[in-house]
Structures are given as structure tokens and as C-alpha cells.
Amino acid sequence: QALQLTLALIKPDAVAHPLVLEAVHQQILSNKFLIVRMRELQWKKEDCRRFYREHEGRFFYQRLVEFMASGPIRAYILAHKDAIQLWRTLMGPTRVFRARHMAPDSIRGSLGLTDTRNTTHGSDSVVSASREIAAFFPDFSEQRWYEEEEPQLRR
Ligand code: DAT
Ligand code: MG
């Protein structure tokens, strides 16, 4: 089966709490994602604005930017069959009320704090995965990975 790449983030609310960080990491491992790259970093507000530019003008945009720049985040490039959809399903709905009620066992349903402080991010399409992987891992060549690594990893 062909593998797909996605970008996953563990947001500042979750990185700040070792048990929460570990719980999210365990979800990645137990669902048999391949961790292609992983790094921790702290973003400046300007980086957050660029990353979330599609939400510019929304009422939560400023809050979101401040939150994402408020502490360290952990970024992963993950590989799996249908990685983008699988990771989004594991995360659960964006908003905490919906997550807790509709997907209580999901990452956001069990660990999310508020609509903004919702533990994780996942790319929502192949196009955004490419853009987001490049934003966090500028030295990583997605094309090279699909051509040279993926054929050896799939099974
Ligand atoms: P997702 O992170 O599920 O892709 P999104 O792209 O619509 O959701 O929004 C990006 C982030 O913005 C989201 O993870 C948290 C914040 N956000 C979205 N909707 C919000 C709302 N109604 N109130 C507060 N924060 C919100
Ligand atoms: Mg989104």
C-alpha cells in the first residue's frame, strides 16, 4: 500500500504537560505511523500568522496566533496509508464541545482544553500537507522521499 505524508503538530498546551505530550506521542506510535522527521521549536508570532493565514480576519485569529507562539511546539512528518485522513480522525473535531461529545476518545476529545487550545494540528489536504511540511522542514524534499524512500517502506 502506498504511503502518504502529513504534518502533525503538538501544540503548546500539550507540549507543556509531559503526560499529555507522551499520550499524543503514544497515539502516533500505536497507530503505526512512521515518524519520518520530528523537531521541537518555538514559533514567533510572524511564523504563526503565515502558517494560519487562511484564517486571517476570523474572530479567533489573534488568539490563535498568540497561543501558537506562547511556548514550544513539536512538529512531525508522519507517513501512513491515508495519513492525512487517519491523523485528522484520531485528532477529532476542531472544537472542544463537539470533540468531547462526538469523539470522546479522540485526542482533542480526551485532551483538548478549549476551541483554540486543542492539543494538535493536522494537515487537511495533500496541498496543505506539502506547504506545511515545507514550513517546518525546509530541508526535507517531499518529492525525493516519495521517489526514493516510500517504495522501500510500503508493504
Ligand atoms: P483544524 O485545526 O481542525 O484544522 P481549523 O483549520 O478550522 O481547524 O482552525 C485552525 C485552528 O484555529 C484550530 O485548531 C483552533 C482555532 N480555531 C478554529 N475555530 C475556532 C473557534 N471557533 N474558536 C476558537 N478557535 C478556533
Ligand atoms: Mg485546519
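Residues numbered from 1 in each chain as written. Chains lettered and ligands numbered in written order. Predicted model: local features only at pLDDT ≥ 70, side-chain atom pairs only at ≥ 80, totals over all residues.

Trainee: Got a minute to help me understand the pairing of strand β3 (residues 73–80) in this structure?
Mentor: On a regular strand, each side chain points to the face opposite its neighbour's, so the side chains alternate between the two faces of the sheet. In terms of residue burial, β3 counts as a mostly covered element, since six of its eight residues are buried. Bridge count between strand β1 (residues 4–10) and β3: seven bridges; the pairing is antiparallel. Paired with Leu 5 across the bridge in β3 is Ala 79. (Buried ≥ 20, exposed ≤ 12 C-beta atoms within 10 Å, placed from the backbone. Helix = DSSP H or I, 4+ residues; strand = E, 2+ residues; numbered from the N terminus. Pairing = 2+ DSSP bridges.)

Trainee: Help me out: how do you make sense of the site of ligand 1 in this one?
Mentor: The environment of ligand 1 is formed by His 55, Phe 60, Leu 64, Thr 94, Arg 95, Asp 115, Thr 116, Asn 118, His 121 and Asp 124. Across the shell around ligand 1, the residue classes tally to two nonpolar, five polar and three charged. (Near = placed C-beta within 6 Å. Nonpolar A, V, L, I, M, F, W, Y, C, P; charged D, E, K, R; others polar.)

Trainee: Is there a simple way to explain the nonpolar core in this structure?
Mentor: Across soluble globular proteins, you tend to see nonpolar side chains buried next to one another. Within the largest apolar cluster, 30 residues are counted, with the highest numbers of intra-cluster contacts made by Leu 5, Leu 7, Ile 77, Leu 78, Ala 79, Ala 83 and Trp 87. Secondary structure elements with two or more residues in this core: β1, α2 (18–30), α4 (61–68), β3, α5 (83–91), α7 (107–111) and α8 (126–136). (Core = buried A, V, L, I, M, F, W, Y, C linked by C-beta atoms within 7 Å.)

Trainee: I would appreciate a short explanation of the sheet that holds strand β2 (residues 34–41) in the present structure.
Mentor: Judged by pairing direction, the sheet is antiparallel, and its four strands sit side by side in the order β2-β3-β1-β4 without closing on themselves. Two strands close off the open sheet at either side, each with one partner strand: β2 and β4 (120–122). Averaged over all pairs of adjacent strands, the angle between their axes in this sheet comes to 20°, without regard to strand direction. The sheet contact formed by β1 and β4 spans three bridges and is antiparallel. Along β4, the bridge assignment pairs Ala 8 with Gly 122. Running over the sheet, α8 touches β1 and β3 and is turned about 55° from β1. (Axes fitted to C-alpha atoms, helices over the stretch in contact; angles between N-to-C directions. Contact = placed C-beta atoms within 7 Å.)

Trainee: Just checking my understanding: could you explain the UniProt feature "active site" (unreviewed entry) in the protein for this structure?
Mentor: The sites that carry the UniProt feature "active site" (unreviewed entry) are, in the present numbering, His 121. Within the element layout of this structure, His 121 appears in strand β4. Taking the number of C-beta atoms within 10 Å as the measure of exposure, His 121 has 21 and is therefore buried. Leave out the neighbours within four places in its chain, and His 121 touches Ala 8, Leu 9 and Lys 11. (UniProt positions renumbered as here; feature names shortened; annotations may be inferred.)

Trainee: Help me understand the pairing of β1 in this model?
Mentor: Of all seven residues that make up β1, seven are buried, and the element is covered over most of its length. Burial along β1 is two-sided: the residues Gln 4, Thr 6, Ala 8 and Ile 10 and Leu 5, Leu 7 and Leu 9 are all buried.

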